[in-house]
Amino acid sequence: MKLSDLKVGESALVTKVEGKGAIHRRLLSMGILPGTVIRMVRISPLGDPIAYEIRGVFISLRRDEAKYIEVEKIVPLNLVPPGERVRVILVDGGPGFMRNLSEMGITPGKMVEILRGCCPMSVRTELGVFQVGMGIASRVFVR
Amino acid sequence: MLIALAGNPNTGKSTIFNALTGAHQHIGNWPGVTVEKKEGHVEFEGESIKIVDLPGTYSLTSYSLEELIARNFIIEEMPDVVIDVVDATNLERNLYLFTELLELTGKIVIALNMFDEARRKYKINVKRMREILGLPVIPTVAIKGHGIKELLQESLHGNFAPKGMEYPDDVERRIQKLLKVLEKYKVKNPRWHAIKLIENDGEVIKKIQSIGARDAIHLAEHLRHEIEDIYGDDIETLFASFRYSFAHGLFHEVAEPINVGGVTLTDMIDHVVAHKIFGIPIFLVIMYLAFNFVFEVAAPFQDAIDLIFNGKDIAGGGHINGLIDISYNWMASFMPNWLASFINHGMLRGLGAVLTFTPIIMLLFLILSVLEDSGYLARVAFLMDRLMRKIGLEGRGIISIMLGFGCNVPAIMSTRALRNERERKLSIALNPLIPCGARIQVFAFITSIFFVSHKAVVLWSLLLLSMVVVALVGFVYSRTIFKGRAEPFVMELPPYRLPTIKGLGVHMWEKSEGFLRKAGTIIIGAAGIIWLFAALPWGVEYGSQASYIGQIANFLAPLGHAFGLTPEALISLFFGFFAKEVVIDTFTVLFGTKSAMLASMTALQAYSFLVFLLFYTPCVATLATVYQETRSWKFVLFVVLEGFLLAIFFSFLVYQVGTLLGVGG
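Please read all numbers here as calculations on a predicted model, not as lab measurements.

Asker: Any chance you could explain the overall build of chain B here in plain terms?
Answerer: Counting secondary structure elements, chain B contains 29 helices and twelve strands. Each of the three principal axes of chain B carries a C-alpha extent, and together these read 90 × 55 × 55 Å. Counting only residues that meet the buried cut, chain B has 55% of its 665 residues in that class. Long-range pairs, those at least 24 residues apart, make up 71% of the contacts in chain B between residues at least 6 apart in sequence. Surface exposure of chain B reaches about 28700 Å², of which carbon and sulfur atoms provide 64%.

Asker: Help me understand the sheet that holds strand E5 (residues 81-87) of chain B in this model?
Answerer: Backbone hydrogen bonds hold the strands of a sheet together, and the pairing may be parallel or antiparallel. Residue and element names in this part refer to chain B. Spatially, the seven strands line up as an open sheet ordered E2-E3-E4-E1-E5-E6-E8, and their pairing is mixed. With one partner strand each, in any of the chains shown, strand E2 (25-29) and strand E8 (137-139) form the two edges of the open sheet. On average, each strand axis in the sheet is tilted by 25 degrees relative to the strand beside it, whichever way the strands run. When strand E3 (residues 36-44) meets strand E4 (residues 47-53), the two strands line up antiparallel, connected through seven bridges. If you follow Lys38 over to E4, its bridge partner there is Asp53. The sheet contacts of helix H1 (residues 13-21) involve strand E1 (2-7), E2, E3, E4, E5 and strand E6 (108-113), and relative to E3 the element is tilted by about 40 degrees. In the packing of helix H3 (residues 91-104) onto the sheet, contacts are made with E1, E5 and E6, and the angle to E5 comes to roughly 165 degrees.

Asker: Is there a simple way to think about the interface of chain B and chain A in this case?
Answerer: The parts lose accessible area when they come together, and the size of an interface is often stated as this lost area. Opposite the 44 residues of chain B that make contact, chain A presents 42 residues. Interface of chain B and chain A: buried area, both sides summed, is about 4000 Å²; carbon and sulfur atoms make up 58% of it. Inspection of the chain B/chain A interface yields eight salt bridges. Notably, a salt bridge pairs Asp233 of chain B with Lys16 of chain A, separated by 2.8 Å at the nearest N-O pair. When residues of the side of chain B that touches chain A are traced back to their parent elements, those giving at least two are H3, helix H11 (235-254), helix H12 (265-273), helix H16 (376-389) and strand E12 (491-492) of chain B.

Asker: Teacher, can you tell me more about the packing of aromatic side chains here?
Answerer: Each pair of aromatic rings is reported with the distance of its centres and the angle of its planes. On inspection of all chains with the given rule, the structure shows 23 aromatic pairs over all chains. Residues Tyr122 of chain B and Phe251 of chain B carry aromatic rings whose centres are separated by 5.4 Å and whose planes lie at 75 degrees to one another, so their mutual orientation is edge-to-face. Pair noted here: Tyr122 of chain B is in strand E7 (residues 122-124) and Phe251 of chain B is in helix H11, with a separation of 129 residues, a long-range link. Neither Tyr122 of chain B nor Phe251 of chain B differs from the other in exposure class; each is buried. With centroids separated by 6.3 Å and ring planes inclined at 65 degrees, the aromatic side chains of Phe482 of chain B and Phe635 of chain B adopt a geometry described as edge-to-face. Of this pair, Phe482 of chain B sits in the loop between helix H21 (455-479) and E12 while Phe635 of chain B sits in helix H29 (residues 633-661), and the two are 153 residues apart along the sequence. Among the residues examined, Phe482 of chain B registers a relative accessible area of 9% and is labelled buried. Three or more aromatic residues link up through ring pairs in this structure, and these residues are Phe563, Phe612, Tyr616, Phe644 and Phe652 of chain B. Positioned above the aromatic ring of Tyr244 of chain B, the side-chain terminus of Arg55 of chain A is 4.2 Å from the ring centre.

Asker: What is the right way to look at the domain arrangement of chain B in this model?
Answerer: Residue and element names in this part refer to chain B. Structurally, chain B comprises domain 1 (2-157) and domain 2 (169-256). Taken together, the contact between domain 1 and domain 2 spans 27 residues of the former and 23 residues of the latter. Contact with domain 2 buries area across many residues of domain 1, yet Glu92, Tyr96 and Glu103 alone supply 28% of it, more than any other trio. Counting across the domain 1 and domain 2 interface gives four salt bridges. In this structure, the connection of domain 1 to domain 2 is made through nine residue pairs in polar contact (both at pLDDT 80 or more). Mapped by element, the contributors of at least two residues to the side of domain 1 that touches domain 2 are helix H2 (65-77), H3, E7 and helix H5 (126-133). Per-element tally for the side of domain 1 that touches domain 2: the top contributor is H3, with ten residues. Residues that form the side of domain 1 that touches domain 2 fall into these classes: 15 nonpolar, four polar and eight charged.

What counts and how
Residues numbered from 1 in each chain as written. Chains lettered and ligands numbered in written order. Predicted model: local features only at pLDDT ≥ 70, side-chain atom pairs only at ≥ 80, totals over all residues. Heavy atoms only, no water. Helix = DSSP H or I, 4+ residues; strand = E, 2+ residues; numbered from the N terminus. Buried < 20%, exposed > 50% of the residue type's maximum accessible area, 1.4 Å probe, protein only. Contact = heavy atoms within 4.5 Å. Areas by Shrake-Rupley, 256 points an atom, 1.4 Å probe, with all protein chains shown as cover. Pairing = 2+ DSSP bridges. Axes fitted to C-alpha atoms, helices over the stretch in contact; angles between N-to-C directions. Buried area = accessible area lost by both parts, 1.4 Å probe. Salt bridge = Lys/Arg side-chain N within 4 Å of Asp/Glu carboxyl O. Phe/Tyr/Trp six-rings, centres within 6.5 Å; stacked < 30°, edge-to-face > 60°. Lys NZ or Arg CZ within 6 Å of the ring centre and 35° of its normal. Domains from an automatic or database assignment. Polar contact = N/O pair within 3.5 Å; in protein donor to acceptor, adjacent residues only side chain to side chain. Nonpolar A, V, L, I, M, F, W, Y, C, P; charged D, E, K, R; others polar.

Structure, rendered in structure tokens:
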């Protein structure tokens, strides 16, 4: 799907940045790259442009520009309802953060089952049952 | 010693520049373009340091003017040190530019600006950052002046042992291969050129072609395809990814988030001011308040300046002398009357006019700086973009249009908020078509005499006409003469911040000074010329039918007849060129009484006159500002012609159609 198809509050993973010349280059230098997580924040009252959160920064893109960005929808773990089994796509953080999570069995590709939604969240992974803080869960993206 | 300041937009770079140079700065333009160039000077530890503020950019590609200026400056002028001003609250994105700078020069001092604010977001290990990069890293809080001295100290004595950024081995090997070829040609900075050649950078390819290094270009092309094949993506995406992964790695190595998730204050404010329903009404209220603030607060100052220069008529007859009268009486005692009149009634009156603009301009830039520094201006762009795009402008274009209803001079100066040169010129060309406060005063005056029972309808019809014309002309211009490459409108919505008094003061003075010096000279000169037309041949009554302007008006009378313009109307339009509100004075002087005015024109003629007044040439001050902002007399001429053509077209239409229908006869 295209980035411009996201609804308010939804997150996505960039898979491809298309377009040519200035616009292509500008999107890249703002840090919109394959593998980047983007959240749709709000739409302008007139329907265009749209504000997105990218690498902790709010950036406004016109629909014409957002359509160059190919994405796939992902969901932060903290928004997954209890009872569901989901696959981890991405862990958004530094090496230390990723290590801590991998010790709980939360790494890209692995399945996670949500036992309790809040608070704290409790999940079952290959390595057992763990409690995860909501802040941490918001940086684990699943599908 | 030469220091260049580089950095992203919204990093506080200009605050650092001001803190470094203090009052010793010079604002000009980069050669050949309207991009602002700031240079400054500082004496530090006996060393004389020149500081150049490079345009704020997100990267150093060849796709935008600003980015080309910044990188060419570093390549060609070879500054001794580049200070990279980094927004520490937004470290990862800002480090991307750093990776590009690092390929141009190893002498970089990093200023981690807004460090106080960043510390609430994450723990930054500055020492670790220095170790990893091998470069001086200084935490700064520019608005408080923290870290400024250290920046200079490190620039002079710092230890520069850059570790550089590593590309994946299979990319690095290919860069080295090309480097060997390029070294034969003795290009400065061969590594940077090698990388840019592989990256398919248009400017660098042209440059390398011009030195005849065809083998390097062929090799680069070959290597580019190899890399694209290995990684399965286009070269631009790949190099951006390499750099970002370095920035990402460095960021996580030195910064530890303190508080993730949770709603930020900025988010909460945006929730209200960018709200689906309330966003635009809130914007209108803010603009209304800002507008009133500027013009209400300025009014007493303007009145005072006017009183000082022009004196005042006393209600029961008589006149209190102003500076112009006093100075005229004094000069006339020892020099010919015509000369004294020229100096005082011409030039000195011009100076008075310049000064009466100053309070408005200072206050306006105060407000604009508050809007910009607080982060609200970016939200205005977000709110209004879709509407403004229809007339070829981005969202921020609405600001200058709204300000135009107050005064076109500051409105045209406010177009500096537009980043894109084409859009700036377009909005400068549109602005004079918006009736300023002075024209609206004249409308009110004339309608109160000629259209007593339909005042509001007539006034609103004129405002509506101007809005329709601005929209139409903007629509046409943006698709014809001001057509251009569509520039990406990828805009950051910075976090809201409280503007600082010091920052505001600097802005206010910077802008007003430019107006006073440059536009001021032109206005005073024009005032002198107007005097010559109105007062000569010497001995006639000022501005009367016998003066040159009166003679011209009589000569043009048959032509004016087609638009319903009487000779008196023509004379008053001539004086309106100096300042639109003078039209009221001229009418009063020429006719004396209301009934004389009513006898001189029909209602239709009066309306046609107002339509003409709405569009015909902007006043001298506006033209001087157009020149100051565009540096082009051609552009000034264009604005004058545009105004006259629209005035002629619409007043002709109104008068002829009105006559045909037998209205107001």
